[in-house]
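Here is what each chain is made of, one letter per residue.
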Amino acid sequence: MPISGLTKAQSDSIILEWEQHWETYGVGGCCNFGTHNFFVGDVDGDGSLEMLTGGIMYYLSDDNRTGVEAPFRIWNWNGEKFTLEMNENWPGAIVSIYAADSDGDGSTEIFLGGGAANATGSFASLKILNWNGEILTSRACYEGVSVNSIFASDVDNDGITEILTVGSANNDPKSSTRLVIWQWTGNELVLKQSIEWGVENGARANSVYALDLNNDGEVEIITAGYNNNVQNSRGQIRIWHWNGDLIVLEKSEEWCTVDEGYGLDIAGNPLGNTIVNNLKAVDVDGDGFAEIITGGFAYDGAKILAQLRIWNWSGQNLMLEKSFEWATEDITEVKSISIDDVDGDGYKEIVTSGFIGVYGGFSDENTAPEQAQLRIWKWDGALLTLKIDKAWFIGDGVTGWNIGTGDIDNDGTVEIVTVGCMYESALCDPDLRVWSISRNSSQFLAGFLATVAAMTFLMVIGIFYFFKRKKKTLLESKQIK
């Protein structure tokens, strides 16, 4: 499929403002894996956006990992200084992060999906925390439910926010998946309803989102991932409705490029045929209707291609507006997606982070190192334009697992933040990076001329009404005389 707007110079217009390592850098390891393990938002009500990270952390002793813990971190960037506001570790791992005021009390809840461990063993969990800028408070922990992705919305229009999670369900030997609807009362996390699928074929939902997609007043729940196990995986997207009592499946769509075969990861393990890693739902083309954007990969019989898809939901039909695939090396993936106006042009861009690697690269020192990939796209409803293409590596290799956007330093421009996992031998680091888009002279001139034109228009209108009003006053004075 044709794609416009790609030039070599575009990779030079993105600026690296900051690179942050963790305290284990060089002496241990930390990996911020998973495609929903990062959140950008004001979680303490101070008017500034914080960055929340998770993953796993360990130290290395005699080539053995020790003290494996979940490292929860809250960071702040003011444009000059990168600050660790809060850090707390506990036995386990953090896989997914989300934050919202889910009970309407004016305070933001932080939701962490992952695993925890104690004297009795390890288990999946969903934690709820509060951070007021000084104290981190644990509010609740629900055990035994796997959580890959979290979202919050009032999906049944009852005025109360629901928390949505998707994750795996244990059905050996195949892995099924589950959508769970929760409510946080302020004191208790209540499991309202759940639905499971893929028990026979094996399935996994990697991402969940909720929005009124077709402006009918009803909120749709969207899940995306794959069906039919990894070796025969088909990309899957599903549309659901929740009426407060029942979860109803409205539509399920599956696809692949080739029917047979699957690609391998850099270590030689099955990676899959077609899988969605992340989804978002936003009106990106300004037509008044939200699009569903999915990112992942598709195997073409030889290579694993990164895949970006744009969908539309009419209320009855799920329509594919655009599908674009690309290969940089043997393996190219979209890991995570964020939607924002990152270049100040007044339009929302699709921002993707991902991974570039070669078959066997993990064990072959003669191959090129794995790279992280950052791409910025524009979709106008007809044409998909690649505006920025940036790839980089550090150490022996790096993956851009997660991406977030927002004006994190309150300077009036939107920053892009990537965080994931780089490695050197047996040591890992999340390698968090803060990026911004340079405003070149043509962009500035266009914005300046637009501002001047708007001001001139307002001045002309003002002058017109001034003389019109003056003329009316003169006529009225004559009539009085």
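Below you will find a few notes about this structure. Counting restarts for each chain, with residues numbered from 1 along the sequence as it is written. Note on the predicted model: pLDDT of at least 70 is required for a residue's local features to be given, and 80 or more for side-chain atom pairs to be given and counted; whole-chain, interface and lining totals, by contrast, use all residues. Water and hydrogen atoms play no part in the side-chain values, which are based on all heavy atoms of the structure.

1. Quick notes on the environment of Arg 178
Counted only if it meets this: Under the scheme used here, helices are H or I runs from DSSP no shorter than 4 residues and strands are E runs no shorter than 2 residues, and both carry numbers assigned from the N terminus. Exposed residues in this analysis have more than 50% of their type's maximum accessible area, buried residues have under 20%, and partly exposed residues fall in between, with area computed by a 1.4 Å probe over protein chains only.
Secondary-structure assignment places Arg 178 in strand β13 (residues 174-184). For Arg 178, a relative accessible area of 23% corresponds to the partly exposed category. Expressed as a C-alpha distance, the spacing of Arg 178 and Gly 167, which sit 11 residues apart in the sequence, is 5.6 Å.

2. With respect to the pattern of salt bridges
Our working rule: Here a salt bridge means any side-chain nitrogen of Lys or Arg lying within 4 Å of a carboxyl oxygen belonging to Asp or Glu.
Under the counting rule described, the total for this entry stands at 8 salt bridges. A salt bridge links Lys 335 to Glu 333; its shortest N-O distance comes to 3.2 Å. Across this residue pair, the class does not change: Lys 335 and Glu 333 are buried. Residue Lys 387 pairs with Asp 345 through a salt bridge whose shortest N-O separation is 2.9 Å. With Lys 387 in strand β28 (residues 384-392) and Asp 345 in the loop between β25 (331-340) and β26 (349-357), the pair connects residues that are 42 residues apart, well separated along the chain. A relative accessible area of 19% means that Lys 387 is categorised as buried. Each of Asp 343, Asp 345, Glu 349 and Lys 387 takes part in salt bridges that share partners, so that together they form one network.

3. Here we look at the nonpolar core
Let me state the cut-off plainly: What we call a nonpolar core is a set of buried Ala, Val, Leu, Ile, Met, Phe, Trp, Tyr and Cys residues that are connected through their side-chain atoms within 4.5 Å.
Judged by nonpolar contacts, the single largest core of 78 residues is most densely connected at Phe 72, Ile 110, Ile 221, Ile 222 and Ile 350. Here the element with the most residues in this core is strand β7 (residues 82-100); it accounts for 7 residues. Judged by nonpolar contacts, the second largest core, of 16 residues, contains Val 342, Val 398, Ile 403 and Ile 416.

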